[in-house]
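Observations on the model geometry
Residues per chain are reported as follows:
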Amino acid sequence: QVQPVESGGDLVQPGDSLRLSCTTSGRTFATYTVAWFRQAPGQVRELVAAITRGGVETYYVNSVKGRFTISRDGAKNMVYLQMNSLKPEDTAVYFCAADVAGWRLGHGANDYDYWGQGTQVTVSS
């Protein structure tokens, strides 16, 4: 069983940077695709970024391209989301999700098998 655990959410000001981290309790997710989704109040959950096993491929939603970077450290069993130049519209609960099919970049929530509880990111002046 893979149980993602997120950390790093915080209250920051516009233009600030923040790094979210995801690891697992239980088995390693080194062979899985791992993604970050976010959900703002009243909004649907959207895929922000994803990375396949070994970091072979990555995906970013257009609104974060050039500002966010997803990466993984297999030795530490960690996946990171580095968020720069944060905007108020980035405010949301951010979820880490894992897909056992580590070769693909699923874009839908249904593509992912395991989910974390989420970490709150608030961007406000």
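Structure shown above.
Only a predicted model underlies this, so the values are computations on that prediction, with no experimental measurement involved. (Residues numbered from 1 in each chain as written. Predicted model: local features only at pLDDT ≥ 70, side-chain atom pairs only at ≥ 80, totals over all residues. Heavy atoms only, no water.)

Backbone-to-backbone hydrogen bonds join strands into a sheet, with any given pair of strands oriented parallel or antiparallel. Pairing is antiparallel in the open sheet, where four strands are placed in the order β1-β3-β8-β7. Here the strands that pair on one side only, and so sit at the sheet edges, are β1 (2–7) and β7 (68–73). Across the sheet, the axes of successive neighbouring strands diverge by a mean angle of 20°, strand direction being ignored. (Pairing = 2+ DSSP bridges. Helix = DSSP H or I, 4+ residues; strand = E, 2+ residues; numbered from the N terminus. Axes fitted to C-alpha atoms, helices over the stretch in contact; angles between N-to-C directions.)

Moving on to the environment of Leu 105. Within the fold, Leu 105 resides in the loop between β9 (92–99) and β10 (114–115). Spatially, the C-alpha atom of Leu 105 lies 16 Å from that of Tyr 80, the residues being 25 residues apart in sequence. Apart from the residues within four sequence positions on either side, Leu 105 is in contact with Thr 33, Ala 50, Ile 51, Thr 52, Glu 57, Thr 58, Tyr 59 and Tyr 112. (Contact = heavy atoms within 4.5 Å.)

Under the definition given, this model contains five aromatic pairs. Ring centres 5.4 Å apart and planes at 80° place the aromatic pair Phe 37 and Tyr 112 in the edge-to-face group. Here Tyr 112 lies in the loop between β9 and β10 and Phe 37 lies in strand β4 (residues 33–39), a separation of 75 residues in the sequence. On the basis of relative accessibility, which here comes to 1%, the residue Phe 37 falls in the buried class. (Phe/Tyr/Trp six-rings, centres within 6.5 Å; stacked < 30°, edge-to-face > 60°. Buried < 20%, exposed > 50% of the residue type's maximum accessible area, 1.4 Å probe, protein only.)

In this structure the tally under the stated criterion is one disulfide. The partner cysteine of Cys 22 in its disulfide is Cys 96, sulfur to sulfur 2.0 Å. Linking Cys 22 and Cys 96, the disulfide has an S-S dihedral of approximately -85° and is accordingly described as left-handed. Of this pair, Cys 22 sits in strand β3 (residues 18–26) while Cys 96 sits in strand β9, and the two are 74 residues apart along the sequence. Side by side, Cys 22 and Cys 96 carry an identical accessibility label, which is buried. (Disulfide = S-S within 2.5 Å.)

As paired elements, β1 and β3 share six bridges and run antiparallel to each other. Looking across to β3, one finds that Pro 4 is bridged to Thr 24. Looking at chain direction, β3 and strand β8 (residues 78–83) are connected through five bridges and run antiparallel. By the bridge assignment, Arg 19 is partnered in β8 with Gln 82.

Below, the discussion takes up the pairing of β4. Of all the seven residues making up β4, six are buried; the element is thus mostly covered by neighbouring parts of the structure. With five bridges joining them, β4 and strand β5 (residues 46–51) adopt antiparallel strand pairing. Counterpart to Arg 38 in the pairing with β5 is Glu 46. From the end of β4 to the start of β5, which pair antiparallel, there are six residues, and Gly 42 there has a positive phi angle of about 75°.

By themselves these figures say nothing about function.
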